[in-house]
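Single-letter residue listing:
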Amino acid sequence: MAKAKSRRRVRDTWKEKSWYTIKTPLMFEEKEIGETPAKDPELLIGRGVEVTMRELTGDFSKQYIKLRFEIDNVAGDVASTKFTGHKTTTDYVRSMIRRGTSRIDASTIVTTKDERKIKLHVLAVTIRRAKSSQQRYMRQVIEDLLKEAAAERTYEELVKSSVNGKLASEIYHTAKKIYPLKRVEIIKSKVIK
């Protein structure tokens, strides 16, 4: 004869949790980007949040940019975040590259005017295929332009200009004099310190 199992009472852990509103940093106008549950506010610190640029600004043409934030402070039921980086979607990157063009990737760590370090990854697409020596030279020019632009901007200015495309536009207008370019995008950024 089988033993009758004693029924254990299951505790509903959802009822113990509180909901917290997540807000962007001041440089992104402290917009509300979502809500998250947690039993203890301390458990929220370090939690990552990803949001598209379209959700923040309402501009549908910026749908391909994903911003990453990390919760760093909780006050009451509001969790404030800090910017940790951004990236563009892979389908957008693929759509830029065609046969007969060259893809030039330049990645460098830059230091801002206020001594913050950010790693920026720039993608340049040429109009026609470039020789490897031209690609090397172009990569070096882009890295130098990034370092120069970062040295004259604060952390906040650099983040804004790299996310909204202004920095990529500046690089495009300077670098196209060296070799004909179709497009320049900052496809990735990561805050180091």
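The rules behind each value
Every chain's residues receive numbers from 1 upward, in the order its sequence appears when written. The model is predicted, so local features are restricted to residues of pLDDT at least 70 and side-chain atom pairs to those at 80 or more, both for listing and for counting; the totals for chains, interfaces and linings are taken over all residues. Here the side-chain values reflect all heavy atoms present in the structure, with hydrogen atoms and water set aside. UniProt positions are given in the numbering used here, feature names are shortened, and annotations may be inferred rather than shown by experiment. Pairing of aromatic side chains requires ring centres within 6.5 Å, counting the rings of Phe and Tyr and the six-membered ring of Trp. Pairs whose planes differ by under 30 degrees are stacked, by over 60 edge-to-face, and all others tilted. Labels follow the DSSP assignment, with helices taken as runs of H or I lasting at least four residues and strands as runs of E lasting at least two, numbered in each case from the N terminus. Any residue under 20% of the maximum accessible area for its type is buried, any over 50% is exposed, and the rest in between are partly exposed; the area is computed with a 1.4 Å probe on protein chains only. Look at NZ for Lys and CZ for Arg. If either is within 6 Å of the ring centre and within 35 degrees of the ring normal, a charge sits over the ring. Annotation comment: domain bounds sourced from an automatic or database domain assignment. Note on definitions: a residue-residue contact is assigned when non-hydrogen atoms from the two residues lie within 4.5 Å. Take the accessible area each of two parts loses on contact, using a 1.4 Å probe, and add the two losses: that sum is the buried area. Throughout this description, the term salt bridge denotes a Lys or Arg side-chain nitrogen within 4 Å of a carboxyl oxygen of Asp or Glu. Two N or O atoms count as a polar contact when they lie within 3.5 Å, although within protein this holds only if one can serve as hydrogen donor and the other as acceptor, and sequence-adjacent residues are included solely when both atoms are side-chain atoms. In this scheme, strands are said to pair when DSSP sees at least two bridges between them.

As named in an unreviewed UniProt entry, the protein is Small ribosomal subunit protein eS1, taken from Methanobrevibacter millerae. Under the heading Sequence similarities (unreviewed entry), UniProt records this for the protein: "Belongs to the eukaryotic ribosomal protein eS1 family."

## A few points about the packing of aromatic side chains
Applying the stated rule across the entire model yields 4 aromatic pairs. On the basis of an interplanar angle of 85° and a centroid distance of 5.5 Å, the ring pair of F28 and F69 is categorised as edge-to-face. Separated by 41 residues along the polypeptide, F28 in the loop between β1 (18–23) and β2 (32–38) and F69 in strand β4 (residues 65–75) bring together distant segments of the chain. Of the two residues examined, F28 and F69, each falls in the buried class. The cationic tip of R116 hangs over the ring face of Y155; the distance from NZ or CZ to the ring centre is 3.9 Å.

## Notes on the domain arrangement of the protein
Interface extent is often summarised as the accessible area lost during association of the parts. Here the protein is partitioned into domain 1 (18–88) and domain 2 (90–192). Averaged C-alpha coordinates put domain 1 and domain 2 at centres separated by 26 Å. With 14 residues of domain 1 at the contact, the number on the domain 2 side is 18 residues. Buried surface at the junction of domain 1 and domain 2, summed over both partners, amounts to about 1300 Å²; 61% is from carbon and sulfur atoms. Here domain 1 is connected to domain 2 by 0 salt bridges. Inspection of the domain 1/domain 2 interface yields 5 residue pairs in polar contact (both at pLDDT 80 or more). Looking at the side of domain 1 that touches domain 2, the elements that each hand over two or more residues are β4 and β5 (78–88). Broken down by element, the residue count for the side of domain 1 that touches domain 2 peaks at 6 residues, all from β5.

## Quick notes on the pairing of strand β6 (residues 103–111)
The alternating pattern of β6 places I104, A106, T108 and V110 on a buried face and R103, D105, S107, I109 and T111 on a face that is not buried. Where β6 meets strand β7 (residues 117–126), 9 bridges bridge the pair, whose relative direction is antiparallel. Pairing of I109 across the sheet is with K119, part of β7.

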